[in-house]
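# Topology and contacts: notes
For reference, the chains in residue letters:
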Amino acid sequence: MHMEVLDVTPELAAEWLARNTSNRPLSKATVQQLAARIQRGEWQLTHQGIAFDEDGVLIDGQHRLAAVVKAGLTVPMTVARGVPRTAFTVMDTGRKRTGRDALALAGEANATHLAAALRGLHLYLHAPNSAWSGGSSVTSNDQLLTLLAEHPDIRDAMQHGIAFNRACRITVTAATIGWYVTTRARPEMDQSSWREGLITGARLEPGDPRLTLRNTMLNLATGASHRRRDDSREHLLYYLKAWNAWAEGRSVKLLRRSPNETMPRISRLSLVTPSGG
């Protein structure tokens, strides 16, 4: 078996793909994700590349090659030739490094929640009205680390998100993003009473947005309603609706989401006092 590093052009990748006669079906979503990484400049040379067997048949790397063709850019790859055909059964059986893994390796606490919150923040900023599930919602590890560098206060927001989740079952992701984007958009507002009301529900009158959001989340958590894969988007939509009403001093007795409803903008109106009452 012989290995070397080569610059793989789109033309060479297309030529090698023609030797793909015994591989698994191509995943268009995976190709799109890899191509997007190449176009963002995130491609890095590793020991993982492409492999040909003793007869020159491509047995590993079809998604990487297809991504090079789709991206239209040249990237370096490790190329192995003469790989025993029997090795095909054990290729790509290891677990891929997740966003949680990347953040944990970077020394971040609560890496699971942080990875989900950063992925949700990316979707809120760039695709707030798309489904937060499926291939289009995938965020690369490099994107997560870059996003964390751009939004370091998300770490503090996550602590509020965890507290809200424990109190009323709103997803940590939605609560973290909700706290982060509202405090970022309205830094002059003291949100201490919003936090206390949502966590405890104490002394809140019917129609208070904090009580309505709290009850809505608890009902969703204990009810028999069908759970969607993008629960965090739905929860965030409710969070922002309730927060806007609280900031404006409005009463809200019911939170609903209509089909294809867009994500609410953060209200610029405010009847909340500087102390947050």
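Refer to the structure above for everything that follows.
Reference entry: report on the structure contained in this document. (Residues numbered from 1 in each chain as written. Predicted model: local features only at pLDDT ≥ 70, side-chain atom pairs only at ≥ 80, totals over all residues. Heavy atoms only, no water.)

### Examining the sheet that holds strand β1 (residues 2–8)
Read across the open sheet, the 4 strands follow the order β1-β4-β2-β3; overall the sheet is mixed. A strand with exactly one partner marks an edge of an open sheet, and here the two such strands are β1 and β3 (58–60). Neighbouring strand axes in the sheet, compared pairwise and without regard to direction, differ in orientation by 35° on average. Pairing geometry for β1 and strand β4 (residues 75–83), over 7 bridges, is antiparallel. Within the sheet, the bridge partner assigned to V5 lies in β4 and is T78. (Pairing = 2+ DSSP bridges. Helix = DSSP H or I, 4+ residues; strand = E, 2+ residues; numbered from the N terminus. Axes fitted to C-alpha atoms, helices over the stretch in contact; angles between N-to-C directions.)

### Describing the packing of aromatic side chains
Inspection of every chain in the model, using the stated rule, returns 6 aromatic pairs. When the centroid spacing of 5.4 Å and the interplanar angle of 75° are considered together, the rings of W16 and F52 count as edge-to-face. Taken as a pair, W16 in helix α1 (residues 10–17) and F52 in strand β2 (residues 50–53) lie far apart in primary sequence, 36 residues in all. A centroid spacing of 5.4 Å and a plane angle of 50° characterise the contact between W194 and W246, whose relative ring orientation is tilted. Of this pair, W194 sits in helix α9 (residues 192–200) while W246 is found in helix α11 (residues 231–248), placing the two residues 52 residues apart along the sequence. When sorted by exposure, W194 lands in the same class as W246, which is buried. Taken together, the ring pairs connect F164, W179, W194, Y239, W243 and W246 into an aromatic cluster. (Phe/Tyr/Trp six-rings, centres within 6.5 Å; stacked < 30°, edge-to-face > 60°. Buried < 20%, exposed > 50% of the residue type's maximum accessible area, 1.4 Å probe, protein only.)

### As for unusual backbone geometry
Positive phi, close to 50°, is recorded for N110, a residue that is not glycine. Mapped onto the fold, N110 is located in the loop between α4 (99–105) and α5 (111–126). For N260, which is not glycine, the phi dihedral falls at a positive 65°. Within the fold, N260 resides in the segment after α11.

### Some details on helix α6 (residues 141–150)
Those residues of α6 that fall on the buried side of the exposure criterion are Q143, L144, L147 and L148. Down the axis, α6 shows its buried residues gathered within 135° of arc, on one side only. Of the residues in α6, the exposed ones pointing more than 90 degrees away from the buried face are A149 and E150. Against α4, α5 and α7 (154–168) lie the buried residues of α6. (Arc of directions from axis to C-beta. Contact = heavy atoms within 4.5 Å.)

### Considering the packing of helix α10 (residues 209–222) against α11
At a closest axis distance of 8 Å, the pairing of α10 and α11 adopts a crossing angle of 165°. In terms of their interaxial angle, α10 and α11 are classed as roughly antiparallel. Seen from above, α10 lies across α11 with right-handed handedness. Residues P209, R210, L213, T216, M217 and L220 of α10 form the contact with α11, whose participating residues are H235, Y238, Y239, A242, A245 and W246. Its residues placed into classes, the contact of α10 with α11 shows 9 nonpolar, 2 polar and 1 charged. (Parallel < 35°, antiparallel > 145°, perpendicular 65-115°, else oblique. Left-handed = near helix turned anticlockwise from the far one by under 90°. Nonpolar A, V, L, I, M, F, W, Y, C, P; charged D, E, K, R; others polar.)

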